[in-house]
Amino acid sequence: MYGDALKILAVANIDITKGGGVLRAIRSIKWYVKNKVRVDLLIPLSDVFYAHSELKDLKALGVSIAGAFKISSIASHAPILKKTLSDIENILFRRVNFLKLSYKYSPDAVVSFHESTDFVVTAYILSKLFHSKSVSLLQLPPFYGLKRRAENIVRSWFLWNYYLTSLSNYSNIQRKLSMDLIKASNLIHRNIKYNFYKHLDMLIAVSPSIPLEMNVKWDNMVILDPGLTLDREDQILINKIIKESPTKNRIILYSARISPEKGLIEALYAFRIMSKNFQVSDFSSQENLKQVSKEH
Amino acid sequence: MNLARKLNINYKILITGYLTREELFRLKAKALVHLYPSHEDAFPYSVLESLALGTPVVAHDIPALRINFLEKGAEGISLVEEFDVKGFAEEAFKLIGQKASPPGFPSWEEIMEKELSLLKRFIGKG
């Protein structure tokens, strides 16, 4: 069926609840397959359990599932189990070429669709195993080379921990020390990552802001500008909604992943300032926002 | 929610959980303004969707938002220094009632053509 077509082994997340990076990865993989690229997919084990519908869609298009990695991903809320599973995975991955046993051909490239180290390292190891190229899509900077950017991200973690964990009980010295420790650890990680990513075969950045924030100009990196946009399905849906001329409700929206870097704490504080001077919808009467969103 | 309770805004907040894309888009279209105080991004779909649905966005002044939206001529987006919460709220107020639209980007198909041809050329199959 594929003849001399491009064959890739894709390492990607497909659980759409994990954010925009996953959405782009899925859309990209679907487009590849529709354009005669053979795609075999390696996914985190947790996606096997939590991403049924995406898995079904991809299989229907002709994507084969090559296997699962990140065994520990199924135990995200159980640290001890996660550590044990992670150790088991390391042993399997290092001592048994378990993927090669079930894999009948060599891909032209092993492509990580995410920038995070677990995905990129997996793709890199597999590319060595199959003597093929390793490619990584950077959907975020894997590290920050601009000092101010790096510091602000640490500050956002700190803010999160201060308001949502026991960090507020720490003394000033303890807080300063923990912030310095995070900064030092980030610096070490940055240097390791710098040398690793610099020597990968190919990096595709989905925004010109990525090399800027990494503070690098590398020969192995190409930049898509822009690297994403709305697809046809989204565009049709948006046009349909706009045609219905929806009326604005008194809603201030926060729509992002619930994580420190996404600024939930600041959003809550900004919302408090706004709501003091502005009447917003009151949800204390068990009003269901899903109904609000469906009203015409 | 504990923090929201502490700030006495819990009764004004509704956590929707996961919404389908249609539900999310309908909600975005009905919102007055979208608060997007992210510190880490490359090219947020979330901002692009809101602008396309005519909902203005206030976000942090980080390279991803500045390069991909503000400098490319998006309408209805305002960027504020990170951690300036008061400035963030003020800008959000100013944006209410304003028009919003994203910059004119190439189509998804064009972007994918480029990505795939890069890959093929690199591997020697293009």
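Higher on the page you've got the structure.
These numbers were taken from a predicted model, which means no experiment stands behind them.

1. Concerning the sheet that holds strand E1 (residues 7–11) of chain A
All names here are of chain A.
Here is step 1: Overall, parallel pairing links the 7 strands, which are arranged E3-E2-E1-E4-E5-E6-E7 in an open sheet. Strands with a single pairing partner mark the edges of an open sheet, and in this sheet they are strand E3 (64–69) and strand E7 (221–223). The average angle at which neighbouring strand axes cross in this sheet is 20 degrees, direction not considered.
Here is step 2: Pairing geometry for E1 and strand E2 (residues 38–44), over 5 bridges, is parallel. Bridge pairing links Lys7 to Arg38 in E2.

2. Some thoughts on unusual backbone geometry
Here is step 1: The step from Asp225 of chain A to Pro226 of chain A runs through a cis peptide bond, and the omega angle for that step is 0 degrees.
Here is step 2: You can see Pro226 of chain A is positioned in the loop between E7 and helix H10 (232–243).
Here is step 3: Phi is positive for Phe83 of chain B, close to 70 degrees, though the residue is something other than glycine.
Here is step 4: Counting through the fold element by element, Phe83 of chain B comes out in the loop between strand E3 (77–80) and helix H5 (85–95).

3. Focus on the interface of chain A and chain B
Here is step 1: At the interface, 74 residues of chain A touch 66 residues of chain B.
Here is step 2: No other element matches helix H11 (residues 264–276) of chain A, which puts 10 residues into the side of chain A that touches chain B.
Here is step 3: For the side of chain A that touches chain B, the residue count by class is 42 nonpolar, 17 polar and 15 charged.
Here is step 4: Sheet analysis places strand E8 (residues 252–254) of chain A next to strand E1 (residues 33–36) of chain B, joined by 3 bridges and oriented parallel. Following the sheet pairing, Ile252 of chain A is matched in E1 of chain B by Val33 of chain B.

Parameters at a glance
Residues numbered from 1 in each chain as written. Chains lettered and ligands numbered in written order. Predicted model: local features only at pLDDT ≥ 70, side-chain atom pairs only at ≥ 80, totals over all residues. Pairing = 2+ DSSP bridges. Helix = DSSP H or I, 4+ residues; strand = E, 2+ residues; numbered from the N terminus. Axes fitted to C-alpha atoms, helices over the stretch in contact; angles between N-to-C directions. Contact = placed C-beta atoms within 7 Å. Nonpolar A, V, L, I, M, F, W, Y, C, P; charged D, E, K, R; others polar.

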